[in-house]
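Observations on the three-dimensional arrangement
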Amino acid sequence: MSVAEEGSGTRAQRIAANLRVLGERVRTASEKAGRAADDVAIVAVTKTYPASDVRILAELGISDIGENRDQEAAAKAAECGDLDVRWHFVGQLQTNKARSVAQYADVVHSVDRVRLASALGSRARAAERELTCLVQVNLDPDAAAGVLGPRGGVHPGDAAAVADAIAGESGLTVGGVMAVAPRGDDPANAFERLYSVASAIRDRYPQATVISAGMSGDLVAAVEHGATHLRIGTALLGDRGSNVG
Ligand SMILES: *Cc1c(COP(=O)(O)O)cnc(C)c1O
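Residues numbered from 1 in each chain as written. Predicted model: local features only at pLDDT ≥ 70, side-chain atom pairs only at ≥ 80, totals over all residues. Heavy atoms only, no water.

The chain has the name Pyridoxal phosphate homeostasis protein in an unreviewed UniProt entry, where Lipingzhangella halophila is given as its organism. As its UniProt record puts it under Function (unreviewed entry), the chain is described as follows: "Pyridoxal 5'-phosphate (PLP)-binding protein, which is involved in PLP homeostasis." (UniProt positions renumbered as here; feature names shortened; annotations may be inferred.)

Spelled out as structure tokens, the structure:
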């Protein structure tokens, strides 16, 4: 993966260089797929990286920031309260964290059960905030209905029920779907399955146009299969390596 080397220039210059390379990869993939490059938005996943990186990204024109742990996300969002960025919560979410997440998140990508939708709904109303929620789908072909995988996500057959639960909560809007490609499977197959789940949900909820799919390692397959949002960490900020996360 092409990530600017440590030590070459300032942190801001390295991130800017990474962003140029990423933009080129997304443009090439979009052209190949016959899509407009501006159909595909980038959510910069800043987990394990400091708030100063969020500032650099914002200055480079990135306005969507993703985090996967509530404690870290809450602190970073507070530190960056003066920035005009949207916060995306992309990690697995326990119901007891819904209250905290509802304070700062604009988009929650990982809604994978009815109970979580109700918790987010009541917390969003209490905080007088509006959250866009994506149904996280488990694309592991071996996942049994009703069983959440190790990385979360609802079985495709139960995705519509989660969308209905989101739609039934005032304060929440169904934005679309999200998935992480399962390890060991061709991501193209997985993203194709996601696309058909996304289409079924969009038939019921026309505003639910988001397909959040694709990370640094599988973004080409995601763009080919209709992703509207890529969640990119490593390719922008470098290898998290010994950092936890
Ligand atoms: C960390 C993370 C990403 C970004 O992954 P990279 O491979 O670093 O681009 C995307 N989605 C989720 C849910 C993540 O936790």
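As recorded in UniProt, the feature "modified residue: N6-(pyridoxal phosphate)lysine" (unreviewed entry) lies at Lys47. Tracing the backbone shows Lys47 in the loop between strand E1 (41–45) and helix H2 (51–59). (Helix = DSSP H or I, 4+ residues; strand = E, 2+ residues; numbered from the N terminus.)

Our next topic: unusual backbone geometry. Its identity as a non-glycine residue notwithstanding, Thr48 has a phi of 70°, on the positive side. By the element assignment, Thr48 lies in the loop between E1 and H2. Positive phi outside glycine occurs at Glu128, with the angle close to 55°. If you trace the backbone, Glu128 turns up in the loop between helix H5 (114–126) and strand E5 (131–136). The class of Glu128 is exposed, set by a relative accessible area of 74%. (Buried < 20%, exposed > 50% of the residue type's maximum accessible area, 1.4 Å probe, protein only.)

Here the largest pocket defines a volume of roughly 510 Å³. Its residues placed into classes, the lining of the largest pocket shows seven nonpolar, nine polar and four charged. (1 Å grid on protein atoms, 1.4 Å probe; cavity = no way out; pocket = protein on both sides within 12 Å on 5 of 7 lines; lining within 4 Å. Points joined across faces, edges and corners; volume = space filled by probe spheres on them. Nonpolar A, V, L, I, M, F, W, Y, C, P; charged D, E, K, R; others polar.)

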